[in-house]
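Understanding the architecture of this molecule
In case you want the letters, here they are:
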Amino acid sequence: MHPLLARPEFRLYIAGQTLSVLGDSALFIALGIWAKVLTGSSSAAGLVMFCYAVPMLLLPLGGLFADRVRRRPLLVAVNLVLAVAVTPLLLVTGRGQLWIIYGTAVLYGLAGAVLTPAQSAMLRIILTDRQDFGAAVGFTQSMRAGTTLVAPLVGSGLYGWLGGRAVAVVDIAILLAAALAFLALRVAEPTPEPSGRRWRTEVLAGFQHLRTTTSLLPLLIATTATATVLSFLQPVLFSLIQHGLHRSPQFLGVLETVEAVGSLGGSVLGGLLIGKLGPRRTVMIGSAVFALGAALLLTPSVWVVAAGLLIAGAGMPAAVVGLATAAQSLTPPRLMGRTQAAVNLALTAPQAVAIGIGAGLVAALDFRTVLAAMLVGALLSAAFLIGKPEAAAEDDGAGTEAGADATAETENEATAEADGTTAEAADQDGDGDRPGAGGGDTAATADTAATGDAGNTAAPHLQRTT
């Protein structure tokens, strides 16, 4: 048994997360199939994915929400709300209720924008020892990869056996079980207090943290670059199957299963590497492993291509484990939701664009040329990290939160200075020469000092409440 599973709170967290991911993934697959069966249109099925993906652009807002409320009640509430939101699917009997399927997909996307950062923030609260971060991230990634490997089979198989409404009933039961698992968690989590900073500053705090953390930003850049070239793989595989392996398009299902198995192995590999090599080297190895897999795809042999996809599939999850571990260890709990949201958005947005670019490249170039470009891109991502600072070396305890507080203090001082300058300019243009004008200056100075104090004292409260 994994050592972390000896902790009741970690077991409950894993149970809640795994059930939540299983329910989401199984229903998502079933919704696409359901839309296809009702309409006979592949576009209608694809619109389900669009309805789910668009709300994920609200991840920064979801991250802010996750950092402004207690995470355990939030996770319980979102899973319960989703269970209620799924019930209208029981009314779907024909094409006339297609809008219910799309509406459910939108609600799932909105919930995902909150659940993802909230779950990451909850894990940060549960883990009190930095030495556990790598093992915990590797284990959670492994469980997620295993669940996403099984969930499509569960969703499609259950739909084929009993129909869409049966999938909805099972999903409701899974979501209720996930809510109960999170409800049973016992963690010290006081209610967060307002920071006193501007709303826009609060929303973008996760991106600001990534930008100013010198050992975290290179890991994000390298992992995003590898994830971007990975996105070319989907359109490349269609051409590889047709022109390289001379198989039917249905063979894609076999290759994607092999890649999914590789992803599961990559999560395990990342968990093993992170404790020995640290985040930077783990991300480097993940990118290099993906490059090796891409190189094998250049050989027109089914077995070699399968081996290449197994290896390539392992590379990206290993790199993600390295990045996620660094984000956990270098981010104070009060910023974890927004930082996780920023990381997810930074990874997924370029991938969405890259899929379209990859389709265009495959149409214009030989698929081997695109594979060679992917190989080079992954190797450059790994090489980019050579000589970069180690993530673990930058934080030996409270340093992370102190650094975050320093950033917050700088922002507040800048705001206070700007407010003081504005007040002074107003005095010069208006009452500055009249008797009593000095009172205005004194008031402005007092307001400026109050603004600075409010911002600077809010940060410690937030540290305690998370």
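Owing to the predicted nature of the structure, the values given are computational and were not obtained by experimental measurement. (Residues numbered from 1 in each chain as written. Predicted model: local features only at pLDDT ≥ 70, side-chain atom pairs only at ≥ 80, totals over all residues. Heavy atoms only, no water.)

With respect to the overall build of the protein
Inclusion rule: Helix numbers and strand numbers start at the N terminus; a helix is a DSSP run of H or I with at least 4 residues, a strand a run of E with at least 2. For every residue, the accessible area obtained with a 1.4 Å probe (protein chains only) is divided by the maximum for its type, and the residue is called buried under 20%, exposed over 50%, and partly exposed between those limits. In this analysis, two residues are considered to be in contact whenever any of their non-hydrogen atoms come within 4.5 Å of each other. Per-residue and other accessible areas follow the Shrake-Rupley method at a 1.4 Å probe size, with only the shown protein chains counted as cover for residues.
Scanning the protein from N- to C-terminus turns up 17 helices and 0 strands. Burial status across the protein gives 50% buried among its 466 residues. Taking the contacts inside the protein whose residues are at least 6 apart along the sequence as the reference set, 86% of them involve residues at least 24 apart. When the accessible area of the protein is evaluated, it comes to approximately 20100 Å², of which 67% is carbon and sulfur surface.

A closer look at the environment of L115
Among the secondary structure elements, L115 is positioned in helix α5 (residues 98-126). In sequence terms L115 and V78 are 37 residues apart; their C-alpha atoms lie 7.3 Å from each other. Setting aside residues up to four positions removed in sequence, L115 forms contacts with S20, D24, L75, V78, N79 and L82.

Side note on the side chain of S287
Examined against the element boundaries, S287 turns out to sit in helix α12 (residues 251-296). Beyond its immediate chain neighbours, meaning those up to four positions away, S287 contacts T226, A378, S381 and A382.

Considering a nonpolar patch on the surface
Cut-off, in case you're wondering: The residues that make up patches have over 30% relative accessible area and no salt bridge, and they are joined within 9 Å when like-charged or within 5 Å when they are Val, Leu, Ile, Met, Phe, Trp or Tyr. Between Lys or Arg on one side and Asp or Glu on the other, a salt bridge is scored when a side-chain nitrogen of the former is within 4 Å of a carboxyl oxygen of the latter.
Residues L58, L61, V106, L107, L110 and W199 make up a contiguous nonpolar surface patch of about 520 Å² in total accessible area. Looking at the nonpolar patch, the element that brings in the most residues is α5, giving 3 residues. Residue placement: L110 occurs in helix α5. Taking relative accessible area as the criterion, L110 reaches 34% and is therefore assigned partly exposed.

A few points about the nonpolar core
Applicable threshold: By nonpolar core we mean a set of buried residues, namely Ala, Val, Leu, Ile, Met, Phe, Trp, Tyr and Cys, connected to one another through side-chain atoms within 4.5 Å.
Judged by nonpolar contacts, the single largest core of 49 residues is most densely connected at F10, L31, V86, L89 and I101. Secondary-structure elements contributing two or more residues to this core are α1 (8-39), α2 (42-53), α4 (71-86), α5, α6 (133-162) and α7 (164-183). Here this core takes 13 residues from α5, the largest share from any one element. Excluding residues within four positions of it along the chain, I101 makes contact with L31, W34, A35, L38, V48, L89 and V92.

Some details on the pattern of salt bridges
The full count for this structure, using the stated rule, is 7 salt bridges. Between R338 and E202 there is a salt bridge, and its shortest N-O distance comes to 3.6 Å. Taken together, the positions of R338 in helix α14 (residues 336-364) and E202 in helix α8 (residues 199-203) put the pair 136 residues apart, joining distant regions of the chain. Across this residue pair, the class does not change: R338 and E202 are buried. A network of salt bridges, in which partner residues are shared, links D67, R68, R71, E202 and R338.

Re the packing of helix α3 (residues 59-68) against α14
Quick reminder of the rule: Axis lines are fitted through C-alpha atoms, for helices just across the contact stretch, and the angle between N-to-C directions can take any value from 0 to 180 degrees. Every angle not falling under 35 degrees, over 145, or within 65 to 115 is termed oblique; those three ranges are roughly parallel, roughly antiparallel and roughly perpendicular. When the near helix sits turned anticlockwise from the far one by under a right angle, the crossing is termed left-handed; a clockwise turn instead gives a right-handed crossing. Polar here means any residue outside two lists: the nonpolar Ala, Val, Leu, Ile, Met, Phe, Trp, Tyr, Cys and Pro, and the charged Asp, Glu, Lys and Arg; Gly therefore counts as polar.
Between α3 and α14, the shortest axis-to-axis distance is 7 Å and the interhelical angle comes to 165°. Considering their axes alone, α3 and α14 lie roughly antiparallel with respect to each other. Read as a crossing pair, α3 and α14 show a hand that is right-handed. Of the residues in α14, those touching α3 at L59, P60, G63, L64, A66, D67 and R68 are M336, G337, R338, A341, N344 and L345. Among the residues forming the contact of α3 with α14, the class breakdown is 7 nonpolar, 3 polar and 3 charged.

Re the packing of α3 against α5
Packing of α3 against α5 brings their axes to within 8 Å, and their N-to-C directions diverge by 50°. The orientation of α3 with respect to α5, classified from their angle, is oblique. Viewed along their axes, α3 and α5 form a crossing whose handedness is right-handed. Across the interface between the two elements, L59, G62, G63, F65 and A66 of α3 pack against G112, A113, V114, P117 and A118 of α5. Its residues assigned to classes, the contact of α3 with α5 comprises 7 nonpolar, 3 polar and no charged.

A look at the confidence of the model for the protein
Low-pLDDT stretches of the model should not have their predicted coordinates read in fine detail. Selection criterion: Known as pLDDT, the predictor's per-residue confidence is scaled from 0 to 100.
When pLDDT is averaged along the protein, the result is 79; 82% of the residues meet or exceed 70. When the criterion is pLDDT under 50, residues 392-466 qualifies, and its contacts beyond four places in sequence or with other chains add up to 70 contacts.

Concerning the packing of aromatic side chains
Rule in force here: Geometry of aromatic contacts follows a simple scheme: Phe, Tyr and Trp rings, the Trp one being its six-membered ring, pair when their centres are within 6.5 Å, and the pair is stacked under 30 degrees between planes, edge-to-face over 60, tilted otherwise.
Tallied over the full model, the rule gives 4 aromatic pairs. Ring geometry for F10 versus F139: centroids 6.0 Å apart, planes at 50°, classification tilted. On the criterion of sequence distance, the pair formed by F10 in helix α1 and F139 in helix α6 is long-range, its members being 129 residues apart. Judged by its relative accessible area of 0%, F10 falls in the buried class. Note on Y13 and F182: the rings are 6.5 Å apart at their centroids and 65° apart in plane angle, and the pair reads as edge-to-face. Of this pair, Y13 sits in helix α1 while F182 sits in helix α7, and the two are 169 residues apart along the sequence.

Notes on α4
Definition in use: How far a helix is expected to stretch is found by multiplying one less than its residue total by 1.5 Å.
Spanning 16 residues, α4 covers 23 Å between terminal C-alpha atoms, matching the ideal 22 Å at 1.5 Å per step. Every buried residue belonging to α4 is among R71, R72, L74, L75, V76, V78, N79, L82, A83, A85 and V86, and all of these are buried. Those residues of α4 hidden inside the fold are in contact with α1, α3, α5, α7 and α14.

Details of the side chain of T226
What counts, and what does not: Residues adjacent in sequence count toward polar contacts only when both atoms are side-chain atoms; beyond that, a polar contact is any pair of N or O atoms within 3.5 Å, and within protein one must be able to donate a hydrogen and the other to accept it.
Within the element layout of this structure, T226 appears in helix α10 (residues 217-230). Separated by 2.8 Å, the side chains of T226 and S287 make a polar contact. If we ignore the near neighbours within four places in the chain, the residues touching T226 are S287, F290, M316 and S381.

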